Amino acid sequence: MSDKHLIVEGLSIEFGGQSVVRNVSFTLAPGKTLALVGESGSGKSVTARSLIGLAGAGARVTARTLSYGGQDLLALSERGWRGLRGKGIGFVLQDALVSLDPLRPVGKEILEVLKTHNWGDRRSRRERVIELLEKVGVPEPELRARQRPDQLSGGLRQRALIASALAMSPGLVIADEPTTALDATVQAQILQVLQEIKARGDSLLIISHDLAVVAQLADEVLVLRHGVVVEQGPMQQVLRNPRHPYTQALLDAVPAEHARGTRLSPQGSAQAVAPRPAADSPVLLKATGLGKRYTAPDQQPRQVVDDVSFELRAGRTLGIVGESGSGKTTVARIVLGLLEPDAGQVQFLGHAWSGVGADRVLEKDRRLHRRDISVIYQDPLSSFDPRWSIGQILADALDVAGVSASQQPARISELLEQVRLPADLATRRPLQLSGGQRQRVAIARAIASNPKVIICDEPVSALDVSVQAQVLDLLADLQAALGLAYLFISHDLGVIRHVSDQVLVMRHGKVVESAPVDVLFENPQHAYTQRLLGAVPRLPGAGSELVVPPLEAESTAWLFDESQLWKIAI
Amino acid sequence: MSALTLETQLPGIRVQRVARNVRLGPLLAFGFLLFVIIAALVPQLFAHSNPLAIVPNDAFHPPGWGHWFGTDQSGRDIFSRVIYGTRQSLLIGLAATALAMSVAIALGLLGGLGGPRLDRGVNWLLEILFAFPSLILALLFVAVFGSGIGPLIVATGLGTAPGYARMVRGQVLAVRHSGYIEAAVALGHPTWRIIVRQLLPNAMRPLIVTLTMGVGQAIVWASALSFLGLGAPPPAPEWGTMLSMGRDFVANAWWLTFFPGLFIVLTTLSTTVAGRYLQQRLEGRLS
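Chemist: Which residues make up the overall build of chain A, and what values do they have?
Modeler: Counting its secondary structure elements, chain A contains 21 helices and 21 strands. Radius of gyration (C-alpha) of chain A: 25 Å, near the 25 Å computed for a compact globule of 570 residues. Taking the principal axes of the C-alpha coordinates as reference, chain A spans close to 75 × 50 × 45 Å. Across the 570 residues that make up chain A, the buried fraction comes to 55%. Sequence-distant contacts in chain A: of pairs separated by 6 or more residues, those separated by 24 or more amount to 68%. Roughly 23,100 Å² of accessible area belongs to chain A as shown, and the carbon and sulfur atoms make up 50% of that amount.

Chemist: Now, about the sheet that holds strand β20 (residues 502-507) of chain A: what can you tell me, with residues and values included?
Modeler: Residues and elements named next belong to chain A. Taken together, six strands build an open sheet; the order of strands is β17-β18-β19-β14-β20-β21 and the sheet is mixed. Across the chains shown, the open sheet's two edge strands, defined by having one partner strand only, are β17 (373-376) and β21 (510-516). Mean inter-strand twist for the sheet, computed between neighbouring axes without regard to direction, equals 15°. Relative to β21, β20 runs antiparallel, the two being bridged by six bridges. Residue pairing for β21: R507 is matched across the bridge by K510. Along the sheet face, helix α16 (residues 435-447) touches β17 and β18 (453-457) and points at about 175° away from the line of β17. Taken strand by strand, helix α20 (residues 527-534) contacts β20 and β21, and its axis lies near 100° from that of β20.

Chemist: Any details on the interface of chain B and chain A? Residues and values, ideally.
Modeler: Listed as interface residues are 33 residues of chain B and, on the opposing side, 38 residues of chain A. Of the roughly 3,400 Å² buried at the junction of chain B and chain A (both faces included), carbon and sulfur atoms supply 58%. Inspection of the chain B/chain A interface yields five salt bridges. Note that B:R197 and A:D396 form a salt bridge whose closest N and O atoms lie 4.0 Å from each other. Connecting chain B to chain A are 13 residue pairs in polar contact (both at pLDDT 80 or more). Those elements giving two or more residues to the side of chain B that touches chain A turn out to be β1 (3-5), α6 (179-187), α7 (191-227) and α9 (255-286) of chain B. For the side of chain B that touches chain A, the element with the most residues is α7(B), which contributes ten residues. When its residues are assigned to classes, the side of chain B that touches chain A shows 16 nonpolar, eleven polar and six charged.

Chemist: Mind laying out helix α4 (residues 106-116) of chain A, listing which residues take part and the relevant values?
Modeler: Along α4(A), the positions that sit buried rather than exposed are A:V106, A:G107, A:E109, A:I110, A:L111, A:V113 and A:L114. One or two steps after α4(A), the chain reaches A:N118, where phi turns positive at roughly 50°.

Chemist: Give me the lowdown on the side chain of A:Q468, citing residues and values where you can.
Modeler: Residues and elements named next belong to chain A. Counting through the fold element by element, Q468 comes out in helix α17 (residues 465-482). Residue classification places Q468 among the buried residues on the basis of a relative accessible area of 7%. For Q468, the contacting residues outside a window of four places in its chain are P255, V460, L463 and V495.

Chemist: Now, about unusual backbone geometry: what can you tell me, with residues and values included?
Modeler: Residue and element names in this part refer to chain A. A positive phi angle, close to 50°, is found at E140, a residue other than glycine. Note on E140: relative accessible area 48%, which makes it partly exposed. Even without being a glycine, D307 presents a positive backbone phi close to 50°. Along the chain, D307 falls in strand β13 (residues 301-313).

Conventions we followed
- Residues numbered from 1 in each chain as written.
- Chains lettered and ligands numbered in written order.
- Predicted model: local features only at pLDDT ≥ 70, side-chain atom pairs only at ≥ 80, totals over all residues.
- Heavy atoms only, no water.
- Helix = DSSP H or I, 4+ residues; strand = E, 2+ residues; numbered from the N terminus.
- Rg over C-alpha atoms; globule rule 2.2 N^0.38 Å.
- Buried < 20%, exposed > 50% of the residue type's maximum accessible area, 1.4 Å probe, protein only.
- Contact = heavy atoms within 4.5 Å.
- Areas by Shrake-Rupley, 256 points an atom, 1.4 Å probe, with all protein chains shown as cover.
- Pairing = 2+ DSSP bridges.
- Axes fitted to C-alpha atoms, helices over the stretch in contact; angles between N-to-C directions.
- Buried area = accessible area lost by both parts, 1.4 Å probe.
- Salt bridge = Lys/Arg side-chain N within 4 Å of Asp/Glu carboxyl O.
- Polar contact = N/O pair within 3.5 Å; in protein donor to acceptor, adjacent residues only side chain to side chain.
- Nonpolar A, V, L, I, M, F, W, Y, C, P; charged D, E, K, R; others polar.

Right, dumping it as structure tokens:
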């Protein structure tokens, strides 16, 4: 086992006669990193899993060669696989929260791997766990080893998962979407941990849909689409001079690399860039000194939103960017009148909309203007009544807008057309649609009442990069056509840069910086903004190196789940 | 070319057989329930003799061609009595479940929608009701208001209500805090409309299944109370009462208790199987 090459030749995977991966070949040498890039359903995850014998029940894996370190993987028995997993090949699963046992301290989880492979004795195993946690940059490893996953932040959980994959010092580590769903600064830290693995001379196979992440790590890139390799080559070459149109489309879809007004998705006419409305268009929505405290059951009261003020002008987009727990969703809920603030007030179209004490506004009075403001959520599915078809969901929104029942069918077709969905979708149920289609339905519902303002709360965070591109393009088109103003909330700086006119950076409930988008991104004033921007991975040639924020930023993580803040008007 | 095959799927034949079994159970259950309902509505269709007619010469006839289920100590035809008893048992089951559900919905809505203080009150009341063994509660009720069908229904209904009330409350709370209710508020729907059009239907949806099973449970309950002599007085053709009457002769004439017991078991089993089937169908459509 001196030569630790991973050799894959002509790998194909079928499920019940249906081919999901066809004829994939690559070689991974020690100390090198290979990236499998593609969207959901491209077969990248199942390819990676087949390398550890976990392609899934009913999978038929065939290959001319499938070997690691000279060992023929195809000939392995289940027992043989178990000996290899963890020991020869470490696997970092995508979702640390789901992949870690919620009832077991993370230290035990790592200990388990060592025990399974009979590593050392009791004492040396314990020392090894602490050493591993230290290695992946977990502060206070003795304390953290005793904590359960729910007591750790997302970044720490991901580190613990990586530590368990590294436990037996495997020569090859496979990481499936290791940074998806992590905040920018945390993502940068995890990328650094992965870079260190590489620097130690181990091989790394990473799976990602995010080309900017891939650019930070990979030596070689393999672009998969519908189970077929469409492009394969050195990272610089593939990302700088892509030869396949699909690779180009993926690159075009990265919002951070494209200025406002340019299109991200290939389809659709190359529309002329609509002129931006002047910065002095009338103010529609004005928030002054908003504050919200929240007391968790066993914790100190926390100021989730602290003195937040802003103005949203007609036809323009105000981006609010911040990491999880920064209070941005709480601001959205206050602005929507779904949560009463503890301080400050909101004015909408010149009317009192929300306030405290004498300024308090009753839902009954807000209802008059509800049709002028609507919302798009990150998870559209949970915002649809599970009993209703798409047509019923839209009809329900049209009811409020005062569209009579006889006019509704025509208007529903019109709405579906506006969000570029086929009209026959009206009879389908949300569960039968893809994530991108569901978000389009949510957008159709949001524009049904011809609103002036739409609050977009992480509307593209759960979507693949090319679907995200299409949805962002759609939102831009609708803004131009209907003169909408967006309050656009996201943790993704690239998305915020692409859509916003004005940006508000939030941290721990406070606004740390507010500026026009170009000013903010070219010349950030606040240290936090600078750190946030530095942590955004970029494509090669786009400029600056990744700046990894200091660990302190996360070990004092603001562990607060905004979804706990349920208190609505009914 | 070497091949690695991971085939852990069941062979085709076995899968098919499992699928057929899944279908047969609910089919039989729905079939039996249909039979029970028809028997309750028009017992004359199946039973040709009077369930109360006394024929002393025919006493303790074992099951046979003349009397399918045999006769009792007074020569009454057991088959007729079981068939005629269907109406009463089913009526008690349905009425008691309906009563339990009404009380449960009222309490559940009060708790789920009424705000924290009211919710605490409702919870407190439910805790007390739970602390009482339900049978004691029902016995207490019958003791105060006398025996008979009416008090039997009320006793059974009240005895089973707290369990349902907790479910309703939980459902209402879950639906109330769901994304689609928030979306409805954000759209600007009036509160009453959201409650009627979205909250109630969604909260009640999983209860349809529980309700189906609840009818069977209520029949067992009512039979138990009748067996204890607190329900329909003998010689009324009621399953629980018949069990109670046949108890003295169980060593010599097993059919007096066997057939009413069989019908109680089959009816309850059918409602449970039918309920589970509905549950699978509904959840299958939801996820």
